[in-house]
Amino acid sequence: GLSTYENFIQTDAAINPGNSGGALVDADGRLVGINTAIYSQSGGSLGIGFAIPADTARQVMEGLVRDGRVARGWIGVEPQELTPEFVESFKLPVREGVLVTGVLADGPAGQGGMRPGDVVVAVAGKPVASTRQLLNAVAGLKPGEPAAVKVQRGTQALELQLVVGLRPTRQVSR
């Protein structure tokens, strides 16, 4: 949704209750990720495991050491993969990007002029071709700083200037 940030590696390594936080390593012993969760119908280690990628874990560690917290960028959009059918239907001149299906009116993207139907093609000079790339690019932006976001709006290519927001924390109901 509008504030969800998830970046996991799927693994078939057994993740038993109590060993979340352990290293996920490759055959050469290099750190690939940090074991986090398992989806299992039985509640045991048989299922699909998930790990936080090592580069994401490093970013979190560095943010905690530097600032005492993790501050991820946020622009307040609902992204969706751009399909060939959408490109054809709207006769877009771009083939890669991320379709914006929703914009939070008082969020950074809304205040910067982004609209539903826009196709994001680059964030801060980095091309984006998938929802995951968009979310990672935005999360890496510094909250409170300006950022250029290139979008395709129909036949018009635009560069919007946004002031990046701080990703809202997820509220856990108890």
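Our subject is the structure that appears above.
Since the model is a prediction, treat every value here as computed from it, not as a measurement.

Peer 1: Could you clarify how one ought to interpret the overall build of the chain in this entry?
Peer 2: Within the chain, the regular secondary structure consists of four helices and twelve strands. The C-alpha extent of the chain, read off along each of the three principal axes, is 50 × 40 × 40 Å. Counting every position in the chain, which comprises 174 residues, the buried fraction comes to 32%. Summed over all atoms, the accessible surface of the chain reaches about 10600 Å², with 52% contributed by carbon and sulfur.

Peer 1: Any chance you could explain helix α1 (residues 54-67) here in plain terms?
Peer 2: Each α-helix turn comprises 3.6 residues. Residues three or four places apart therefore point the same way. The end-to-end C-alpha distance of α1, which contains 14 residues, comes to 20 Å, matching closely the 20 Å that a straight helix rising 1.5 Å per residue would cover. Of all the positions in α1, only Ala54, Thr56 and Gly63 are classed as buried. The secondary structure elements touched by the buried residues of α1 are β3 (31-39) and β4 (48-53).

Peer 1: Looking at this model, I keep getting lost on the environment of Leu99. Mind explaining?
Peer 2: Summarising the element assignment, Leu99 is placed in strand β7 (residues 98-103). Sequence spacing of Leu99 and Pro53 is 46 residues, and the spatial spacing of their C-alpha atoms is 25 Å. In contact with Leu99, other than residues within four places in its own chain, are Glu78, Pro79, Gln80, Glu81, Leu82, Phe86, Gly117, Asp118 and Val119.

Peer 1: Looking at this model, I keep getting lost on unusual backbone geometry. Mind explaining?
Peer 2: Trans peptide bonds make up the majority, and among non-glycine residues the majority have a negative phi. For Lys91, which is not a glycine, the phi torsion comes out positive at approximately 50°. By the element assignment, Lys91 lies in the loop between α2 (84-89) and β7. By relative accessible area, which is 63% here, Lys91 ends up exposed. The phi dihedral of Ala124 falls on the positive side, at around 50°, and the residue is not glycine. Within the secondary structure, Ala124 sits in the loop between β8 (119-123) and β9 (126-127).

Peer 1: Before we go on, may I ask you to explain the pattern of salt bridges in this structure?
Peer 2: A side chain of one charge can pair with a side chain of the opposite charge when the charged atoms of the two come close. Applying the stated rule across the entire model yields five salt bridges. Across the pair Arg66 and Asp67 runs a salt bridge whose closest N-O atoms are separated by 3.3 Å. Look at Arg66 and you get exposed, because its relative accessible area is 60%. A network of salt bridges, in which partner residues are shared, links Asp26, Asp28 and Arg30.

Conventions we followed
Residues numbered from 1 in each chain as written. Predicted model: local features only at pLDDT ≥ 70, side-chain atom pairs only at ≥ 80, totals over all residues. Heavy atoms only, no water. Helix = DSSP H or I, 4+ residues; strand = E, 2+ residues; numbered from the N terminus. Buried < 20%, exposed > 50% of the residue type's maximum accessible area, 1.4 Å probe, protein only. Areas by Shrake-Rupley, 256 points an atom, 1.4 Å probe, with all protein chains shown as cover. Expected span 1.5 Å × (residues − 1). Contact = heavy atoms within 4.5 Å. Salt bridge = Lys/Arg side-chain N within 4 Å of Asp/Glu carboxyl O.

Honestly, it's all geometry; don't read function into it.
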